[in-house]
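One-letter residues, chain by chain:
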Amino acid sequence: MNRAHLDKVFTVLLAGVLAGLALAAAALPAALVFGLGVRNLMPYTELPEALKAPQPAQRSNLYADDGHTLITSFYVEDRVDVPVGEVAPVMRDAIVAAEDARFYEHHGVDVRGVARALTANRKEGTRQGASTLTMQYVRNALAGDPRLTEQQRAAATEITAGRKIREMRYALTLERRIGKDEILGRYLNIAYFGAGAYGIAAASKRYFSTTPDRLTLGQAAMLAGLVRAPDHDDPINGDSGAALDRRAYVLDRMAETGRVSPADAAAAKATPLNLKPNATPNDCAAVPAGHNDWGFFCDWFTQWWNAQPAFGKSVDERQRTLRRGGWSIVSSLNPDVQAKASEQVRTIYPETIARAAPTAVVQPGSGRVLAMAVNRGYGSDNPDGQQNYPNTVNQLVAGGGGIVGYQAGSTFKLFALLAALEAGMPLDTEFDAPRVYVTKYPIDGGPASCGGRWCPANANTYWMDGDRDMWDAFGRSVNTYFAWLTERVGADKVVEMAERLGIVFRAPQDAGMARDGAANWGPFTLGVSATTPLDLANAYATVAAEGTWCRPTPVTSIRDAAGRRVAAGDTDCRQVLDTEVARAAADASRCPVGDQSMYRRCAGGTAEELAPGLRRPLGGKTGSSERNATETVVAFTPQLAVATIAANPDDPRDAVGGGVQKRQIPAVGRILAWALRDQPVRDFVPPGEAVAFHHTTPRTTD
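Cut-offs applied
Residues numbered from 1 in each chain as written. Predicted model: local features only at pLDDT ≥ 70, side-chain atom pairs only at ≥ 80, totals over all residues. Heavy atoms only, no water. Pairing = 2+ DSSP bridges. Helix = DSSP H or I, 4+ residues; strand = E, 2+ residues; numbered from the N terminus. Axes fitted to C-alpha atoms, helices over the stretch in contact; angles between N-to-C directions. Contact = heavy atoms within 4.5 Å. Parallel < 35°, antiparallel > 145°, perpendicular 65-115°, else oblique. Nonpolar A, V, L, I, M, F, W, Y, C, P; charged D, E, K, R; others polar. Phe/Tyr/Trp six-rings, centres within 6.5 Å; stacked < 30°, edge-to-face > 60°. Buried < 20%, exposed > 50% of the residue type's maximum accessible area, 1.4 Å probe, protein only. Lys NZ or Arg CZ within 6 Å of the ring centre and 35° of its normal. Core = buried A, V, L, I, M, F, W, Y, C linked by side-chain atoms within 4.5 Å. Disulfide = S-S within 2.5 Å. Salt bridge = Lys/Arg side-chain N within 4 Å of Asp/Glu carboxyl O. Expected span 1.5 Å × (residues − 1). Polar contact = N/O pair within 3.5 Å; in protein donor to acceptor, adjacent residues only side chain to side chain. pLDDT = per-residue confidence, 0-100.

J.: I'd like a description of the sheet that holds strand 3 (residues 328–331), backed by residues and values.
T.: What links the strands of a sheet is backbone hydrogen bonding, and the strands pair in either a parallel or an antiparallel sense. Within the open sheet, the four strands sit side by side as 2-1-3-15. Their pairing is mixed. In the strand order of this sheet, the two ends are held by strand 2 (70–74) and strand 15 (555–559), each with one partner. In this sheet, neighbouring strand axes are inclined to one another by 15° on average, regardless of whether the strands run parallel or antiparallel. Relative to strand 3, strand 1 (residues 60–63) runs parallel, the two sharing three bridges. Bridge pairing in strand 3 places Tyr-63 opposite Val-330. Across the sheet, helix 15 (residues 294–306) touches strand 1, strand 2, strand 3 and strand 15, and the angle it forms with strand 2 is around 45°.

Shown next, in the form of structure tokens:
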């Protein structure tokens, strides 16, 4: 056994004995002190997971699609770990001088410090614990380990001899396993600096709006001085005088130990604190004040996260994972598109009325949601009696939390069109559409009942009645044509098509009909089921993407605290339509918005002014529910889909009236034009002649 090893063994034994004596002299009877035994003061052979693989709570950050613009953060402790090499040397020196001047000389337990504490505790009646940085780190790591129970974490900070001795034994073991610099880095990342800042990165930002590598001598000394009593000495919420005193103490200790010159220490003491407080936002209500509209997207992101099994078995567990896991989440939100969408929905309705215009912008082929806008502020501060205006935290755009959606009228004719094309019927399927068509579907009364049978009528006899094919019927929105088409293909097939393209039945009555009565749900084709702008935009985006459906997602990528990309952030896409079926539907969708189909078969549309203003290939559809209770506009290109619904979320009986479409149509056009202004013009791929003109066997993706 060599001399160095003997020295270490002696240090370990002496440290253990003195440690027990120092604490026990202050807290325990003498008989117990001498009964501790050397064996119980030896280092541990194993370390708990909290020390082998620490998992301190770290904040998660949600960014816009550029990966830099912060939307908000989520945390229980505002902490972001940084490598010790990214901490300014002056900060490392300051914390050592303040908390453990002999850090680089001892082996986890400072024998001199223990002896000094023993003497002080006996002579002065005080209580000094002689904790080294390593011991402090052990205590913090155990107390903050999320894998432990509350009882176990409490035991890590209890004031007992047993706890102190465990700390020493763990500290001695830890220093055998890892280097001093790594221990110092772990300490700097786990320590609490007051004002809600955990770790040196959060503290640098919180007090000085800077990063750990840019800390000055004065800033480092102040931060190092806070860890002793962070709540009392915190200069933002506590005592700035105490913070100055502690800074002076640290600077003096740095000069005494030779880490800075006396002149530099004196100069730093003479400077004011120069605080630049910067609070980290927490949760959706804390999005930047100038971007309050981001709150709706953020709210939907939390809904999405809470539904991901990759982050836990329950919603509570997934929320803990989000708020402790240190995730870096690049969202799909495009601030530029979001700003334009928010601007345009306010041309449809102002914030001050009960009617709303929730709007969603979706990217075909990925499902990424670029914008979610509504003429509301994100918040809950409303005058008495006003539920959802001028502010709300309810999810008016994506649904959920009691919001089931709104009827979207004739936009649902897309699902009948697709079901017919998939069944083998071509685009030029003709039918002499009458003013009223009596179907086989039973219905309980109402203006669309003819002897107990559903009998829809065309809204404009002169413009809609007569011989129509799919192009013309979709363009002019001929109700009786699509009632007939639904009979031919089967109402259950239409409902199934809508579900396949992502329409969610949030209203219990709709869900019941879809489950038990789809075969007789003929009116479904005319959009009597509640939906949301997000579901609707994504359904039309599936057509734009030639039949590739993607689950709507608020994220582009997710990385864990170690920088590893996780699969939960990837897109979830699959082919749900035969490509030719989707191309044919896109071709017919050009007719309603004033574009022309590949076969020149469009002969009128309900929003003919939309395509000429955009000056690029465009598809879409308008919809009006019964008595114009709601009005809907959907438009899409191969690169983008937008849907907006005008409704009163608080009172479905408040009919918005057909006139609002005159504002919805140009608003949608301006959103598309702005979002696509720097993108190349892309055309739709024309459907083949078979799907356009010939009856065939069913066209499926199998």
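J.: Before we move on, could you go through the packing of helix 13 (residues 240–256) against helix 14 (residues 262–269) and cite the residues and values that matter?
T.: The geometry of helix 13 relative to helix 14 is characterised by a closest axis approach of 9 Å and an angle of 170° between their N-to-C directions. By the criterion of interaxial angle, the relationship of helix 13 to helix 14 is roughly antiparallel. Along its contact with helix 13, which presents Arg-247, Ala-248, Leu-251, Asp-252 and Ala-255, the element helix 14 presents Pro-262, Ala-265, Ala-268 and Lys-269. A per-class count over the contact of helix 13 with helix 14 returns six nonpolar, no polar and three charged.

J.: Tell me about the packing of aromatic side chains, and name the residues and values.
T.: Think of a pair of aromatic rings as described by two things: how far the centres are apart, and how the planes are tilted against each other in angle. If you walk through the whole model with that rule in mind, you get 28 aromatic pairs. Measuring from centroid to centroid gives 5.8 Å for Phe-74 and Phe-301, while their planes differ by 40°, and the two rings are tilted. Here Phe-74 is found in strand 2, whereas its partner Phe-301 is found in helix 15, with 227 residues between them in sequence. The exposure class assigned to Phe-74 is buried, which follows from its relative accessible area of 0%. Taking the relative accessible area as the measure of exposure, Phe-301 reaches 0% and is therefore buried. With a centroid separation of 6.5 Å and an interplanar angle of 50°, the aromatic rings of Tyr-207 and Phe-208 are classed as tilted. As far as burial versus exposure is concerned, Tyr-207 and Phe-208 are alike and both buried. Chaining the aromatic ring pairs together yields one cluster made of Phe-74, Phe-301, Trp-304, Trp-305, Phe-311 and Trp-327. Lys-340 extends its terminal NZ or CZ atom over the ring of Trp-674, reaching a point 4.6 Å from the ring centre. The ring centre of Phe-474 lies 5.6 Å from the NZ or CZ of Lys-621, which sits over that ring.

J.: Got a sec to walk through unusual backbone geometry? Specific residues and values, please.
T.: Following Tyr-389, the chain continues to Pro-390 via a peptide bond in cis, the omega torsion being 0°. Within the element layout of this structure, Pro-390 appears in the loop between strand 6 (377–378) and strand 7 (391–392). Even without a glycine there, the phi angle at Arg-600 is positive, about 55°. Among the structural elements, Arg-600 can be located in the loop between helix 25 (579–589) and helix 26 (610–614). The phi dihedral of Arg-615 is positive, around 60°, even though this residue is not glycine. Looking at the element boundaries, Arg-615 is found in the loop between helix 26 and strand 17 (619–624).

J.: Quick one: what's the story with the sheet that holds strand 17, residue by residue and with numbers?
T.: The five strands lie next to each other as 5-4-19-18-17, forming an open sheet whose pairing is antiparallel. One side of each edge strand has no neighbouring strand; the edge strands of this open sheet are strand 5 (369–373) and strand 17. Neighbour-to-neighbour, the strand axes of this sheet turn through a mean angle of 5°, independent of strand direction. For strand 17 and strand 18 (residues 631–636), the ladder comprises six bridges, and the chain directions are antiparallel. If you follow Gly-619 over to strand 18, its bridge partner there is Phe-636.

J.: Can you break down the pairing of strand 1 residue by residue, with the values?
T.: Side chains Ser-60 and Leu-62 of strand 1 all project onto a buried face; the interleaved residues Asn-61 and Tyr-63 project onto the opposite face, where all are buried too. Pairing of strand 1 with strand 2, which is carried by four bridges, proceeds in the antiparallel orientation. Note on strand 2: the bridge partner recorded for Ser-60 is Phe-74. The hairpin formed by strand 1 and strand 2 contains six residues between the paired strands, and Gly-67 there has a positive phi angle of roughly 80°.

J.: Describe the nonpolar core, listing the residues and the values that go with them.
T.: Phe-415 and Tyr-481 are the most contacted members of the largest nonpolar core, which has 104 residues in total. Apart from residues no more than four positions distant in its own chain, Tyr-481 is found in contact with Thr-429, Glu-430, Phe-431, Ala-433, Arg-468, Asp-469, Met-470 and Ala-473. Counting 59 residues, the second largest nonpolar core, distinct from the first, contains Ile-95, Ala-141, Met-168 and Leu-273.

J.: I'd love a proper account of the state of the cysteines, names of residues and values included.
T.: Here the structure, examined in full by the defined rule, presents four disulfides. Here Cys-550 engages in a disulfide with Cys-573; their sulfurs sit 2.1 Å apart. Taking the torsion about the S-S bond as the criterion, the Cys-550 to Cys-573 disulfide, at about 110°, is right-handed. On the criterion of sequence distance, the pair formed by Cys-550 in strand 14 (residues 548–550) and Cys-573 in strand 16 (residues 573–575) is long-range, its members being 23 residues apart. Two residues share a disulfide in this structure: Cys-591 and Cys-602, whose sulfurs sit 2.0 Å from each other. Residues Cys-591 and Cys-602 are joined by a disulfide whose S-S torsion is about -80°; by sign, that bridge is left-handed. With Cys-591 in the loop between helix 25 and helix 26 and Cys-602 in the loop between helix 25 and helix 26, this pair connects stretches of sequence that are eleven residues apart. Judged by its relative accessible area of 2%, Cys-591 is buried. For Cys-602, a relative accessible area of 13% translates into the label buried.

J.: Before we move on, can you summarise the pattern of salt bridges with the specific residues and values?
T.: Counting across every chain of the model gives 35 salt bridges. The salt bridge partner of Asp-336 is Arg-677, with a shortest N-O separation of 2.8 Å. In this pair, Asp-336 sits in helix 17 (residues 335–348) while Arg-677 sits in the loop between helix 27 (661–675) and helix 28 (689–693), placing the two residues 341 residues apart along the sequence. The partly exposed category is assigned to Asp-336, whose relative accessible area is 32%. Among the ionic pairs, Glu-351 bridges to Arg-346, the shortest N-O distance being 2.9 Å.

J.: Now, about helix 17: what can you tell me, with residues and values included?
T.: An α-helix turns once per 3.6 residues; consequently, residues spaced three or four apart project the same way. In this model, helix 17 (14 residues) spans 20 Å end to end at C-alpha, consistent with the 20 Å of a helix rising 1.5 Å per residue. Of the residues making up helix 17, those classed as buried are Val-337, Gln-338, Lys-340, Ala-341, Ser-342, Gln-344, Val-345 and Ile-348. Of the surrounding elements, those touching the buried residues of helix 17 are helix 15, strand 4 (359–362), strand 5, strand 19 (641–646) and helix 27. Sitting at the amino-terminal end of helix 17 is Asn-334, which places a side-chain oxygen 3.0 Å from the backbone nitrogen of Asp-336.

J.: Could you give me a rundown of the confidence of the model for the protein, with the residues and numbers involved?
T.: Across the protein, the average pLDDT comes to 91, with 91% of residues at 70 or higher. Contacts for the low-pLDDT stretch residues 1–38, under 50 throughout, to residues beyond four places or in other chains number 41 contacts.

J.: Break down the environment of Pro-83 for me, citing the residues and quoting the values.
T.: Within the secondary structure, Pro-83 is located in the loop between strand 2 and helix 4 (89–99). The partly exposed category is assigned to Pro-83, whose relative accessible area is 47%. Distance in space between the C-alpha atoms of Pro-83 and Asp-181 is 9.9 Å, their sequence separation being 98 residues.

J.: Outline the environment of Ala-270, listing residues and values.
T.: Take Ala-270: it is sitting in the loop between helix 14 and helix 15. Given the relative accessible area of 65%, Ala-270 is considered exposed. For the pair formed by Ala-270 and Ala-248, sequence separation is 22 residues and the distance between their alpha carbons is 9.3 Å.

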